[in-house]
Amino acid sequence: MCCCMENAIAISIFLLTFVCQGSGQCKMLVCRFSPFRRSQTKLTSLDNDFNLCPYIIIENVQNNAENVITVKTQVRAVYPWILQAKRQNPNLKIVLAFVVFTFFDMYHYPAKRSELFQACVKHLRDNGFDGMTIELGDRSPSKDSFANFIQDAQNTFTEEARRTGKPKLLLFGDLTYFYKYIQRNYDLPRIYSSTDYVIFNTLPVGEYSWSGLESLEALGRRHHSRIYRLDPEDTFNLDYYFKWIVSLGAVKSKTIVSTNLEAIFYYNDRPPQIAPRYLIVRFIDYGEVCDFLKKGGQITRVLNISPFQVNAQDLVFYDDEFSVKERIKYIKKTGLAGFNFAYIEGDDFRENCGRGKWPLLRALSEECSKT
């Protein structure tokens, strides 16, 4: 996310993508899209399948100190695309996400909060949005401050719906993946009681570099999107994190798990006769993963689920159709509300893998729709 100027709140339009309403299992399947990545990924409106993604997001709108909503050029360029897609798919819903960087004025002056949320409602309604998600990060002065902020937003949405007779705008909370911020900044019971759903983000990159000869089992522990624990002490996985936030008051039936399914490419910059040193090179999309796989090498699955490839100096941790389906099975088994595909650009929309566009997205949708 981009930083914003002092006394401003950055907003991102949060592509909430495809809500699968089913038999109480996997109710929400959410994807995130960034207009700021379009120049890099070359993703266009023609690449999207809006039957898979009826909920769409746009990143980084801002409001200034006077609570006027301002839209950056890259974001404004996407508005016609989004609205056209919504006309093509009547079930499409667009949720606007706030990334709150500076809270002081909003927390300490109720009139400013009221002004902000009224401006939000106007922007949402005028531009065809269906709700918003509020992201905190690490800048809340107290647990009560943020909980009050969320509650005021929900109260504003509820009152506007009562007054106008329109469907209530949706409100999502958004939790960082850093343990210390959750413990310090979030009153989870209050946040859950004041939102329709809460998105919690899991598993950042574990390490950007490391040295030493490691077994395949040891390398597998470094996979950034593992689902299950390898042992009782293993904390770098979805299962541990999910159970931990539930112990703090998270409500399973309102929780949407968010994972960045982009692969991570590491490179060993040392010759074969010296113990390796792996350095992170970049995140890559699934189409690029398939390019790596075509070169050969050894593929290993952590707990027979999460794949990674070692080929000469290259190491790639990634997800494929099988592993993302296992993630949906976990969500169904544990009673979670759904899954957020953070950054749909991480899928193969160029058909590099030879299995059509959006293989990960289609696998998620297929598994989510199963009863």
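Residues numbered from 1 in each chain as written. Predicted model: local features only at pLDDT ≥ 70, side-chain atom pairs only at ≥ 80, totals over all residues. Heavy atoms only, no water.

A few words on the nonpolar core. By size, the foremost hydrophobic cluster in this structure holds 76 residues, and its most contacted members are M132, I134, I245, F339 and F341. Here F339 is in contact with M28, L29, V30, I256, V257, T259, L261, R327, I328, I331 and L364, once residues within four sequence places are set aside. Y266, F308, L315 and F317 belong to the second largest nonpolar core, which has ten residues in total. (Core = buried A, V, L, I, M, F, W, Y, C linked by side-chain atoms within 4.5 Å. Buried < 20%, exposed > 50% of the residue type's maximum accessible area, 1.4 Å probe, protein only. Contact = heavy atoms within 4.5 Å.)

Quick look at helix 10 (residues 238-247) now. Within an α-helix, residues lying three or four positions from one another point in the same direction, as the helix has 3.6 residues per turn. Of the positions making up helix 10, those classed as buried are L238, D239, Y241, F242, W244 and I245. Here helix 10 starts with a cap whose side-chain oxygen sits 3.3 Å from the backbone nitrogen of D239, and that cap is N237. Directly after helix 10, the chain includes G249, whose backbone phi takes a positive value near 120°. (Helix = DSSP H or I, 4+ residues; strand = E, 2+ residues; numbered from the N terminus. Polar contact = N/O pair within 3.5 Å; in protein donor to acceptor, adjacent residues only side chain to side chain.)

Our focus in this paragraph is the side chain of S194. With respect to the element layout, S194 can be found in helix 8 (residues 188-194). With a relative accessible area of 3%, S194 lands in the buried category. Within the local environment of S194, its side chain forms a polar contact with the backbone oxygen of R190, the two atoms lying 3.1 Å apart. Apart from residues no more than four positions distant in its own chain, S194 is found in contact with I150, Q151, Q154 and L171.

Bringing the pattern of salt bridges into the picture now. Under the counting rule described, the total for this entry stands at 22 salt bridges. A salt bridge links E207 to R222, with the nearest nitrogen and oxygen atoms 2.2 Å apart. Separated by 15 residues along the polypeptide, E207 in the loop between strand 9 (197-201) and strand 10 (209-211) and R222 in the loop between helix 9 (216-220) and helix 10 bring together distant segments of the chain. On the accessibility criterion, E207 (38% relative accessible area) is partly exposed. Residue classification places R222 among the buried positions, given a relative accessible area of 19%. (Salt bridge = Lys/Arg side-chain N within 4 Å of Asp/Glu carboxyl O.)

This paragraph deals with the environment of D285. Mapped onto the secondary structure, D285 falls in the loop between strand 13 (277-284) and helix 11 (286-293). For D285, a relative accessible area of 6% corresponds to the buried category. Separated by 58 residues in sequence, D285 and Y343 place their C-alpha atoms 9.7 Å apart. With residues up to four places along the chain from it excluded, the contact list for D285 reads E345, G346, D347 and R350. A distance of 2.9 Å separates a polar side-chain atom of D285 from the backbone nitrogen of G287.

Take the pairing of strand 7 (residues 131-135) next. On a regular strand, each side chain points to the face opposite its neighbour's, so the side chains alternate between the two faces of the sheet. By the criterion of burial, strand 7 is predominantly enclosed, with five of the five residues buried. Neither face of strand 7 is exposed, since G131, T133 and E135 on one face and M132 and I134 on the opposite face are all buried. Relative to strand 8 (residues 170-175), strand 7 runs parallel, the two being bridged by five bridges. Within the sheet, the bridge partner assigned to T133 lies in strand 8 and is F172. (Pairing = 2+ DSSP bridges.)

Further remarks concern the state of the cysteines. A full pass over the atoms with the stated rule returns two disulfides. The side chain of C26 participates in a disulfide bridge whose partner is C368; the two sulfur atoms lie 2.0 Å from each other. Between C26 and C368 the sulfur-sulfur dihedral comes to about -110°; the bridge is accordingly left-handed. Placement of C26 in the loop between strand 1 (9-14) and strand 2 (28-31) and of C368 in helix 13 (residues 359-369) is noted, with a sequence separation of 342 residues between them. Its relative accessible area of 0% is what places C26 among the buried residues. On the basis of relative accessibility, which here comes to 3%, the residue C368 falls in the buried class. (Disulfide = S-S within 2.5 Å.)

Now for unusual backbone geometry. Located in the positive-phi region is N304, a residue other than glycine, with phi close to 65°. In this structure, A312 is a non-glycine residue whose phi angle is positive, near 55°. Take A312: it is sitting in the loop between strand 15 (306-311) and strand 16 (314-317). Taking the relative accessible area as the measure of exposure, A312 reaches 64% and is therefore exposed.

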